[in-house]
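As a plain string of letters, each chain reads:
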Amino acid sequence: MKKYLNILQKSSLFSGLKSTEIEAMLNCLQPKMLEYEKNEYIAHADDTIEYIGLLLEGKLQIIRDDFFGNRNIISKVTPSHLFAEAFACTPGSHLYMSVVTEMPSKVLFMNVNRALHTCSSPCVFHSTVIRNLLSDIARKNIQLNEKLTHMTRRTTREKLLSYLSAESLRHNSTSFDIPYNRQQLADYLSVDRSAMSNELCKMRDEGLITFNKTHFDILYSSDYKK
């Protein structure tokens, strides 16, 4: 794990811990590292999961596919970030989404029960990890609520403006990059890709925004045309 110590230090799970403390905590969490190929499923909807996942290398998508093959991207996972922690902390709960790789990836799985319960030789870092885990779950809940705010807008334009406005605030700038390509953004907002692309072009022609691939600039920040 020494190779990935810098990634672990960036993880919200180990926030506030020194490298030696992280190594000591890992001894409690019974970690195991698994490798996956591109487009490989790490977990499927309706699975149960007992281990927290932490991405060491690659990129993951948290997705939900319906019966007709329509895909909704719930979120992306990049190195040092956790996934499936809320389900792992709820024994017997079934995933409502799937986890799939966007590129070849390496994932560290950790025993959530060892994180939530004090071991026979309790380490002083346990309380910090438990607080960090709770904070991460709360943050993910806020992000999901934000996504729902975008999706409940009535039109494609309103969904785009809601999302781009939130990203602008997140970056504290009217010029920013988003983590999604066009198809992924359409899947994230649950809109048709062609309709979304047409709307983006209209917004550009109206002087609201400019964009180049995943980079956006907001030019007009009030009284948006609907």
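In this text the structure is predicted, and so the values were computed from the model without any measurement. (Residues numbered from 1 in each chain as written. Predicted model: local features only at pLDDT ≥ 70, side-chain atom pairs only at ≥ 80, totals over all residues. Heavy atoms only, no water.)

**Q** Can you walk me through the overall build of the protein in this structure?
**A** In terms of regular secondary structure, the protein is built from eight helices and 11 strands. Counting only C-alpha atoms, the protein reaches 65 × 40 × 30 Å along its principal axes. Residues counted as buried form 43% of the 226 residues belonging to the protein. In the protein, the share of contacts with a sequence separation of at least 24, taken over all contacts with a separation of at least 6, comes to 70%. Distance between charge centroids for the protein: 3 Å, based on 28 positive and 25 negative side chains. (Helix = DSSP H or I, 4+ residues; strand = E, 2+ residues; numbered from the N terminus. Buried < 20%, exposed > 50% of the residue type's maximum accessible area, 1.4 Å probe, protein only. Contact = heavy atoms within 4.5 Å. Lys, Arg positive; Asp, Glu negative; His and termini not counted. Charge placed at Lys NZ, Arg CZ, Asp CG, Glu CD.)

**Q** Is there a simple way to think about the packing of aromatic side chains in this case?
**A** For any two aromatic rings, the description comes down to two numbers: the centre-to-centre distance and the angle of the planes. Applying the stated criterion to the full structure yields six aromatic pairs. Note on F211 and F216: the rings are 5.7 Å apart at their centroids and 35 degrees apart in plane angle, and the pair reads as tilted. On the basis of relative accessible area, F216 is assigned to the buried category, the value being 0%. Here the aromatic residues Y163, Y180 and Y188 are joined through ring pairs into a cluster of three or more. (Phe/Tyr/Trp six-rings, centres within 6.5 Å; stacked < 30°, edge-to-face > 60°.)

**Q** Teacher, can you tell me more about the sheet that holds strand β5 (residues 71–77) here?
**A** In a beta sheet, neighbouring strands pair by backbone hydrogen bonds and run either parallel or antiparallel. Judged by pairing direction, the sheet is antiparallel, and its four strands sit side by side in the order β2-β7-β4-β5 without closing on themselves. The open sheet terminates on both sides in strands that have one partner only, identified here as β2 (41–43) and β5. Here the average twist between neighbouring strands, direction ignored, is 35 degrees. Pairing of β2 with strand β7 (residues 98–101), which is carried by two bridges, proceeds in the antiparallel orientation. In the sheet register, Y41 faces β7, and the bridge partner there is V100. Relative to the sheet, helix α7 (residues 182–189) contacts β4 (60–65) and β5, its axis offset from that of β5 by approximately 110 degrees. (Pairing = 2+ DSSP bridges. Axes fitted to C-alpha atoms, helices over the stretch in contact; angles between N-to-C directions.)

**Q** Sorry if this is basic, but what is going on with the layout of surface pockets here?
**A** Considered as a void within the structure, the largest pocket measures approximately 950 Å³ in volume. Elements that contribute at least two residues to the lining of the largest pocket include exactly β5, β6 (82–83), α3 (85–88), α5 (126–151) and α6 (156–171). Top element by residues in the lining of the largest pocket is α5. It accounts for eight residues. By residue class, the composition of the lining of the largest pocket is 16 nonpolar, six polar and 10 charged. (1 Å grid on protein atoms, 1.4 Å probe; cavity = no way out; pocket = protein on both sides within 12 Å on 5 of 7 lines; lining within 4 Å. Points joined across faces, edges and corners; volume = space filled by probe spheres on them. Nonpolar A, V, L, I, M, F, W, Y, C, P; charged D, E, K, R; others polar.)

**Q** Which parts of the structure should I look at to understand unusual backbone geometry?
**A** Only a minority of non-glycine residues have a phi that is not negative, and only a minority of peptide bonds are not trans. One non-glycine residue, A84, adopts positive backbone phi at about 65 degrees. Topologically, A84 is positioned in the loop between β6 and α3. Its identity as a non-glycine residue notwithstanding, K213 has a phi of 60 degrees, on the positive side. In this structure, K213 sits in the loop between β10 (209–212) and β11 (215–218). Classification of K213 as exposed rests on a relative accessible area of 68%.

**Q** I tried to follow the pattern of salt bridges on my own but got confused; where do I start?
**A** Once their charged atoms are close, side chains differing in charge can pair, the charge on each being opposite to the other. Here the structure, examined in full by the defined rule, presents 12 salt bridges. The partner of E57 in a salt bridge is K106, and the shortest N-O contact between them spans 3.9 Å. Pair noted here: E57 is in strand β3 (residues 51–57) and K106 is in strand β8 (residues 105–111), with a separation of 49 residues, a long-range link. For R157, the salt bridge is made with E199, and the minimal N-O distance between the two is 2.6 Å. In this pair, R157 is assigned in helix α6 and E199 in helix α8 (residues 193–205), connecting sequence segments 42 residues apart. Residue R157 shares its accessibility class with E199, and that shared class is buried. Among the charged side chains, a salt-bridge network with shared partners connects E85, D136, R139 and K140. (Salt bridge = Lys/Arg side-chain N within 4 Å of Asp/Glu carboxyl O.)

**Q** Is there a simple way to think about the sheet that holds β6 in this case?
**A** Strand order across the open sheet formed by four strands is β1-β8-β3-β6, with antiparallel pairing between neighbours. Strands with a single pairing partner mark the edges of an open sheet, and in this sheet they are β1 (32–36) and β6. One ladder, built from five bridges, connects β1 with β8; its direction is antiparallel. The residue of β8 that forms the bridge with L34 is V107.

**Q** Mind showing me how you'd approach the environment of F216 here?
**A** Residue position: F216 is located in strand β11. Remark: the alpha-carbon pair of F216 and Y41, spanning 175 residues in sequence, is separated by 31 Å.

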